[in-house]
There are 2 protein chains.
Amino acid sequence: MRRHNRTVLLRRLHIEGPCTRASLAAELGLNRSTIKALVDGLAESGVVEERVPRQRSGAGRPSLLVLPQAHAAVVLAVDIRVEQVSIALVGLGGEILGRNSWNLRVRTREPAEVATHVVDSALLLAADLGVRMVAAGISVPGVVRRSDGFVHEAPNLHWTDVPLGDRLGSVFDMPIMVGNDAELGALAEHLRGSARGSSDAVYVTADVGVGGGVISDGSALRGTAGYLGELGHMVVNPAGRSCYCGSRGCWETEVGERALCRVLGLREGAPRGSVVAELRALAADPAQVRSRLGEFADWLEVGLVNVVNVLGPELVVLGDLFTALPASLIAEVAESVRERSLVSRAVGGTRIVTSTLGADVTLLGAAELAFESVLGAV
Amino acid sequence: MRRHNRTVLLRRLHIEGPCTRASLAAELGLNRSTIKALVDGLAESGVVEERVPRQRSGAGRPSLLVLPQAHAAVVLAVDIRVEQVSIALVGLGGEILGRNSWNLRVRTREPAEVATHVVDSALLLAADLGVRMVAAGISVPGVVRRSDGFVHEAPNLHWTDVPLGDRLGSVFDMPIMVGNDAELGALAEHLRGSARGSSDAVYVTADVGVGGGVISDGSALRGTAGYLGELGHMVVNPAGRSCYCGSRGCWETEVGERALCRVLGLREGAPRGSVVAELRALAADPAQVRSRLGEFADWLEVGLVNVVNVLGPELVVLGDLFTALPASLIAEVAESVRERSLVSRAVGGTRIVTSTLGADVTLLGAAELAFESVLGAV
């Protein structure tokens, strides 16, 4: 019981930040003496620090402010993308303490070498910061088995059957958790982003691939054997282009980065910077938005109608490349989706918004995946 | 604790049927004296009966067989369809004790009158059988809020905003649970049909409408505010026919009963019997199957690819009208879905089968919904 309360309190501080003892007692429904015992224990082990709050409210002795100590639990977060790998050391409370990234156009994408470089880089960074890592969370743009971090297929990386979890586990003596990029984006949005407080939300993201993560009734939806569904391989255009997955007209094929390059008149595989620059320029000219992005918007709409009708979320958060689309286009698509979705009407209008967590969303999700496995043991 | 064990034991007997004390002890991980106390208590209240098993195995005193007594808990199951309403009284153990149905082409579909007739009919049936109803489960082909049985929209019945749960609750002094037909079909398949023992399964059914229920990680998936997703309104053919829902080329529009009538050359709204007869005749002529049902099969395939890629089930069960399709067609579609679905390949090949529970699947699901609410109190 005490262990359970300690974990709940720690998770509260980790996710929501510093808080007074009094508020902790009220929020968690525990009495003041229980809170005191828990906080004293955590303070003794250096996991939290207590301070007199700067702003005092009312008379009397102020309730002490409890602050999580970043160094008390540091996790390694790894975001493997098609174009680059980012690693970060993230402290208790969610602050990024240090980071490092490298371009995969320059370095090889070969799985064993990516893994080796992640290890070397993480050890260097940890030594440099003088911290000890207690767990790792790794995001991969592909079909991942959660139980042991086996990557079944990460097509845009050309990875097949990579035992990534086992490989890193043989080097690091700590829990290694591997997740799908969209699933971890959803986790980050749920804990720290636009989907906070929403129990039924979907996060949809576009990089080279398109993927989605689902929060259902407050927790992440998993498929069979830990394999998550792949929203990007929902067919939206049966007469569309062939997809490497063996299907045709997948959402990814119609609204992924390559499709965006095509409609913008850029070569497929153009650097992300030029795609974003082109979208920014376009946003300034509303007439152009509809004429050049109209068909793209139609496929985005069909996929979103399906997401809403099949999964029934109250909120859809669009991430990564979608955040660079003109706001007017997103608003128009969101409105059409609400109009033509039976389920949206039932739930009183599904909200469709763009992510505000920026480029670090997946990295933050990977960190939270790692924290999930260790918060009970800090 | 004792109450919890009692409910678990009762649910085991209700779902799996009669069982010896020794097997109950082994299955539930309880010791023999605990089982004895629980069974004695249930026998005293007339909920179970004990018998010496007919087939004795080995020497020594045989373990007594524990049988659930149907009359100990009788629920009302109601299956409201577009064409007809069926009601049944179902006893503990799942046996149908008596039933009654009426055609909605003859009687009105007006919600208040349907509700009144359900009440009258159920009371007559209960009096006739000499049983007392303890809960009701009602299946509606539409978007239903589970919390209070509010029917937001049941388009093929032309029902909008019907407080069905409250209406029946004001007459019956017992729990009234209302669910979506496909969701309840999924529940029945999960508890008593092809999806027994499967923790990630999808049930897809076609009547006039097409719908689906999802079992994820062993329990039913719910959308926001208890509104389930509507698989039938996933867009599979963006260039397809307008759907009443405000969208276009929905799965329901392409593979529902009306679509089947069109491809079979029957008038839309032809009686179910003639649709099934036509399909049976066709099944005898393999060359005709592909030429006449080819396009229909393509849309079935696109929808199933999406179901598998989005939800990642290990098993898809096809129900109702789909069970009348030629077996060769189902096998061909299943094979194509496995070939072109990334997620199916990851999970080792999603199985796609037809339901074996027959026409009562939804009624059985409605009964289980009712039992869920009372098994703890029997």
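That block above? That's the structure.
What counts, and at which threshold
Along each chain, residues carry numbers from 1 onward, in the same order as the chain's sequence is written. The naming scheme follows written order: chains are lettered A onward, ligands numbered 1 onward. Since the coordinates come from a predicted model, pLDDT governs what is reported: local features require at least 70, and pairs of side-chain atoms require 80 or more to be given and counted, while whole-chain, interface and lining totals use all residues. Computation of side-chain values: all heavy atoms of the structure, hydrogens and water removed. Any two residues whose heavy atoms approach within 4.5 Å are treated as being in contact. When two parts are put together, the accessible area they lose, computed with a 1.4 Å probe and summed over both, is reported as buried area. The salt bridge definition used is simple: a Lys or Arg side-chain nitrogen within 4 Å of an Asp or Glu carboxyl oxygen. Throughout this description, a polar contact denotes any pair of N or O atoms lying within 3.5 Å of each other; where both atoms belong to protein, one of them has to be capable of donating a hydrogen while the other can accept it, and for residues adjacent in sequence the pair is counted only when both atoms sit in side chains. Strands here mean DSSP runs of E at least two residues long; helices mean DSSP runs of H or I at least four residues long; both are numbered from the N terminus. Gly falls in the polar group here, along with every residue not listed as nonpolar (Ala, Val, Leu, Ile, Met, Phe, Trp, Tyr, Cys, Pro) or charged (Asp, Glu, Lys, Arg). Relative accessibility thresholds used throughout: buried, under 20% of the residue-type maximum; exposed, over 50%; partly exposed, between the two (1.4 Å probe, protein chains only). By definition, two strands form a pair when at least two bridges between them are found by DSSP. Working convention: axes come from line fits to C-alpha atoms, limited for helices to the stretch in contact. Angles between N-to-C directions cover 0 to 180 degrees.

Some thoughts on the interface of chain A and chain B
Reports of interface size often rely on the accessible area that becomes lost once the parts have come together.
Step number 1: Between chain A and chain B, the contact holds 40 residues from the first and 40 residues from the second.
Step number 2: The contact between chain A and chain B buries some 3,400 Å² in all, and 61% of this surface belongs to carbon and sulfur atoms.
Step number 3: Joining chain A to chain B, the criterion identifies 2 salt bridges.
Step number 4: In this structure, the salt-bridge partner of Glu153(A) is Arg345(B), at a minimum N-O distance of 3.8 Å.
Step number 5: For the interface between chain A and chain B, the tally reads 10 residue pairs in polar contact (both at pLDDT 80 or more).
Step number 6: Within the residue set of the side of chain A that touches chain B, elements represented by two or more residues are strand E9 (150–154), helix H10 (286–311) and helix H12 (342–346) of chain A.
Step number 7: Along the lines of polarity and charge, the residues of the side of chain A that touches chain B split into 20 nonpolar, 12 polar and 8 charged.

Observations regarding unusual backbone geometry
One can expect most non-glycine residues to show negative phi and most peptide bonds to be in trans.
Step number 1: In the Ramachandran plot, Asp320(A) falls in the positive-phi region, its phi being about 50° despite a non-glycine side chain.
Step number 2: For Asp320(A), a relative accessible area of 19% translates into the label buried.
Step number 3: Phi angles above zero are rare outside glycine, and Asp161(B) is one such case at about 50°.
Step number 4: Secondary-structure assignment places Asp161(B) in strand E10 (residues 159–162).
Step number 5: With relative accessibility at 43%, the residue Asp161(B) sits in the partly exposed group.

Structural notes on the sheet that holds strand E15 (residues 315–320) of chain B
Residues and elements named next belong to chain B.
Step number 1: Read across the open sheet, the 5 strands follow the order E14-E13-E12-E15-E16; overall the sheet is mixed. What marks the edges here is a single partner per strand, and that holds for strand E14 (219–220) and strand E16 (351–354).
Step number 2: Against the sheet, helix H6 (residues 181–192) contacts strand E12 (201–206), strand E13 (210–216) and E15, and its axis sits at roughly 45° relative to E13.
Step number 3: Packing of helix H10 (residues 286–311) onto the sheet brings it into contact with E12, E13, E15 and E16, and relative to E15 it is tilted by some 140°.

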